[in-house]
Amino acid sequence: MKRKGYITLVIIIGLVLIILLSMFFFFRNRKQTNIIKDDGITNSQITPLVSFIEQCLKTTSYDAIKSLGSQGRLYSNYYLKSQTDKIAYFYYKGDGFFPTKIGVVEEEVSRYVKENIGACLDYSSFAYDIRDEKGKMKLTTGFNSDNMEVLLNYPVYVKIGNKEVLLSEFRASTKVRFIPIYELSKEIYIKTKDNPDWIDIEFLSSQPYKIKLVRVSDDTLIYEITDNRDGLEREDFVYRFAVK
């Protein structure tokens, strides 16, 4: 029994040593073929690429909030089709489709940016080797009182000579006062849901925005809310939605 137990112990120790040695050689070979980060590459060499990606992120984020304003939502199954846009119905024949949680809007912005950012991620003007993994992109959007911030996690490997560095986190901020317009739109939606014939001119005219009502038909209205105090960067921010 003692000899059998001794043999079992030797086998276990041998297996552990084999596993440890395998892990050692795996990570050693991985380090030799794919240097994830190397201090030999300076910030001055990388900064132009980081700035390029973040500018691309900012441009696409701007397009997202601009489209959100003209449509009410970026992705909606219930919308009024105009000549240029699909304006989301927030109330349609007794049903409500307003995104009552701001997180829903943030997720739609993230989805839009992820689907469209590839149009400007062209690295052909850079002299060094760049390898990216667009399939691993992860985006997080957050609205604050006077801006929208987008965080992009996106693996970009840069090789200069025999050195390679991994870039993975990029940020962009867009000046937009979306939150107060979102809250006002929610209030209009709630009042309309409670009373589909609701239109309170006194209430609407008391708001700090220019509010335009477009009568499409007897039972269909488009609300157009404009923040003309540099609401989006240095432009007016226009937010539209429909009710029926």
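Cut-offs used in this document
Residues numbered from 1 in each chain as written. Predicted model: local features only at pLDDT ≥ 70, side-chain atom pairs only at ≥ 80, totals over all residues. Heavy atoms only, no water. Axes fitted to C-alpha atoms, helices over the stretch in contact; angles between N-to-C directions. Helix = DSSP H or I, 4+ residues; strand = E, 2+ residues; numbered from the N terminus. Parallel < 35°, antiparallel > 145°, perpendicular 65-115°, else oblique. Left-handed = near helix turned anticlockwise from the far one by under 90°. Contact = heavy atoms within 4.5 Å. Nonpolar A, V, L, I, M, F, W, Y, C, P; charged D, E, K, R; others polar. Polar contact = N/O pair within 3.5 Å; in protein donor to acceptor, adjacent residues only side chain to side chain. Expected span 1.5 Å × (residues − 1). Salt bridge = Lys/Arg side-chain N within 4 Å of Asp/Glu carboxyl O. Buried < 20%, exposed > 50% of the residue type's maximum accessible area, 1.4 Å probe, protein only. Phe/Tyr/Trp six-rings, centres within 6.5 Å; stacked < 30°, edge-to-face > 60°. Lys NZ or Arg CZ within 6 Å of the ring centre and 35° of its normal. pLDDT = per-residue confidence, 0-100.

Help me get a handle on the packing of helix α2 (residues 43-71) against helix α3 (residues 102-116), residues and values and all.
Interhelical geometry of α2 versus α3 gives an angle of 130° and a closest axis separation of 9 Å. The orientation of α2 relative to α3 falls into the category oblique. Note that α2 runs across α3; the crossing there is right-handed. Counted together, Leu-57, Thr-60, Ser-61, Asp-63, Ala-64, Ser-67 and Leu-68 of α2 and Val-105, Val-109, Tyr-112, Val-113 and Asn-116 of α3 form the full contact between these two elements. Residues belonging to the contact of α2 with α3 are distributed by class as follows: 7 nonpolar, 4 polar and 1 charged.

Give me the environment of Ser-217: which residues, what numbers.
Its place among the elements puts Ser-217 in strand β8 (residues 210-217). Sequence separation of Ser-217 and Lys-244 is 27 residues, and the distance between their C-alpha atoms is 9.0 Å. At 3.0 Å, the side chain of Ser-217 and the side chain of Asp-219 are in polar contact.

Just give me the short version of α2, but keep the residues and values in it.
Its 29 residues place the ends of α2 41 Å apart at the C-alpha level, agreeing with the 42 Å of an ideal helix rising 1.5 Å per residue. Two residues or fewer past α2, Gly-72 is found with a positive phi of approximately 90°.

Describe the pattern of salt bridges, naming the residues involved and giving the relevant values.
With the rule as written, the count across this model stands at 13 salt bridges. Between Asp-132 and Lys-134 there is a salt bridge, with the nearest N and O atoms lying 2.5 Å from each other. Accessibility expressed as a relative area gives 36% for Lys-134, which makes it partly exposed. Residues Asp-227 and Arg-177 are paired through a salt bridge, measuring 3.0 Å at the closest nitrogen-oxygen approach. Here the residue Asp-227 occupies a position in strand β9 (residues 220-232), and Arg-177 occupies one in the loop between β7 (163-175) and α4 (178-194), the gap between them amounting to 50 residues. One continuous salt-bridge network, built from bridges that share partners, spans Arg-131, Glu-133, Lys-136 and Glu-164.

How would you sum up the packing of aromatic side chains? Please name residues and give values.
Counted by the stated rule, this structure contains 21 aromatic pairs. A centroid spacing of 6.4 Å and a plane angle of 45° characterise the contact between Phe-90 and Tyr-239, whose relative ring orientation is tilted. Pair noted here: Phe-90 is in strand β2 (residues 86-92) and Tyr-239 is in strand β10 (residues 235-243), with a separation of 149 residues, a long-range link. Residue Phe-90 shares its accessibility class with Tyr-239, and that shared class is buried. Between Trp-198 and Phe-203, the aromatic rings sit 5.8 Å apart at their centres with planes inclined by 65°, giving edge-to-face as the arrangement. For Phe-203, a relative accessible area of 15% puts it in the buried group. An aromatic cluster of three or more residues is present, and its members are Phe-90, Phe-98, Phe-143, Phe-178, Tyr-182, Tyr-189, Tyr-223, Phe-237, Tyr-239 and Phe-241. One Lys or Arg, Arg-131, reaches over the ring of Tyr-157 and ends 4.1 Å from the middle of that ring. Over the face of the ring belonging to Phe-203 we find Lys-191, whose NZ or CZ atom lies 5.1 Å from the ring centre.

Describe in detail the confidence of the model for the protein chain, supporting the description with residues and values.
Put simply, the protein chain has an average pLDDT of 87, and 83% of its residues get 70 or more. Taken together, the stretch residues 23-37 has pLDDT below 50 and engages in 12 contacts with residues farther than four places along the chain or on a different chain.

Could you give an account of unusual backbone geometry, with specific residues and numbers?
In this model, Lys-93 sits at a positive phi of 50°, which is unusual for a non-glycine residue. Note on placement: Lys-93 falls in the loop between β2 and β3 (95-96). By relative accessible area, Lys-93 is classed as exposed at 58%. Even without glycine at this site, Glu-233 takes up a positive phi of about 55°. Note that Glu-233 resides in the loop between β9 and β10. According to the relative accessible area criterion, Glu-233 is partly exposed, its value standing at 24%.

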